[in-house]
Amino acid sequence: MKFNVLTLFPEMFSIMNESIIGRAIENNKIEINAVNIRDFADNKHNRVDDYPYGGGAGMVMMAPPIFRAYNSLNVDKSVPVIYMSPQGKPFTQDMAREYAKYDELVILCGHYEGVDERILEEIVTDEVSIGDYVLTGGELPAMVVIDTISRLVDDVIAKESIEEESFSSNLLEYPQYTRPEEFNGKKVPEVLLSGHHENIKKWREEEAVKRTKLKRPDLLS
Ligand code: ADE
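Residue numbers restart at each chain and count upward from 1, following the sequence in its written direction. Residue-level local features of this predicted model are given only where pLDDT is at least 70; pairs of side-chain atoms are given and counted only at 80 or more, and the full residue set underlies all totals for whole chains, interfaces and linings. Hydrogens and water molecules were not included; the side-chain quantities draw on all heavy atoms of the structure.

Asker: I'd like a description of the site of the ligand, backed by residues and values.
Answerer: Around the ligand lies a shell formed by Met 84, Ser 85, Pro 86, Val 128, Ser 129, Ile 130, Gly 131, Tyr 133, Val 134, Leu 135, Gly 137 and Pro 141. In protein, a polar contact means a hydrogen-donor-capable atom and an acceptor-capable atom, both N or O and within 3.5 Å, with residues adjacent in sequence counting only if both atoms are side-chain atoms; elsewhere, any N or O pair within 3.5 Å suffices. For the ligand, a nitrogen atom lies 3.1 Å from a polar atom in the backbone of Ser 85. Between a nitrogen atom of the ligand and a main-chain N or O atom of Tyr 133, the distance comes to 2.8 Å. Accessible surface is estimated by sampling points in the Shrake-Rupley manner with a 1.4 Å probe; for residues, cover comes only from the protein chains shown. Out of a free accessible area of 260 Å², the ligand has 96% covered by protein chains. Counting from the N terminus, the helices are DSSP H or I runs at least four residues long and the strands are E runs at least two residues long. Looking at the shell around the ligand, the elements with two or more residues in it are β5 (81–90) and β7 (126–129). In the shell around the ligand, the residues fall into eight nonpolar, four polar and no charged. The rule for a residue being near a molecule or strand is that one of its heavy atoms must lie within 4 Å of it. Just so you know the grouping, Ala, Val, Leu, Ile, Met, Phe, Trp, Tyr, Cys and Pro go in nonpolar, Asp, Glu, Lys and Arg go in charged, and all remaining residues, Gly too, go in polar.

Encoded structure:
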């Protein structure tokens, strides 16, 4: 899976070279191609933003540099172009599963007061939000989306982890325990030490439902 990211801050994506995603990059399971929109400016100060027509606070990212940066990728028209924006469709695990079916994605990160509306009309296919709050730019949201999709790519993590995890069956995940058997006077539930696989499975299913009812009843409706 190749993530082409159009951004003013490509260096921010170097933090993805750690941990599970870092290993996936090393093993060529995923690739993050962060392209600097500023490299496609056409003025000597490399300006990529300007004042909004009609006035108002802040600056707007100009359409031509973004358009040229996108064209430099030479991606097929069928490749989704995701614009990270608080106005977008709320990102979900189901959306991540759909995006994981592609070999390649383009993600556009906005900054300042956003991008010229004509870029949305010309290249953007999907506008995606990571939640109802406003960040200073689309880079962190892009990393959230990349991380979520990457772990669904074959051989990035164990298949079993994906099948059992939260949201995979509209339920939160059951509680987990590891050594020591007793911590601050609290013992690991007896059934998990029993070695009885049927009972363990049943207990986990019940706990998943219980915890979903308690923490996220909206998932059950
Ligand atoms: N850019 C700024 N805020 C955002 C959000 N909540 N989701 C996606 N992109 C954003």
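Asker: Before we move on, could you go through the environment of Met 143 and cite the residues and values that matter?
Answerer: With respect to the helices and strands, Met 143 occurs in helix α5 (residues 139–150). Note: C-alpha distance between Met 143 and Val 81 (62 residues apart in sequence) is 15 Å. Contact definition: two residues touch when any of their heavy atoms are within 4.5 Å. With residues near it in sequence (within four places) discarded, Met 143 still touches Met 12, Phe 13, Ile 15 and Met 16.

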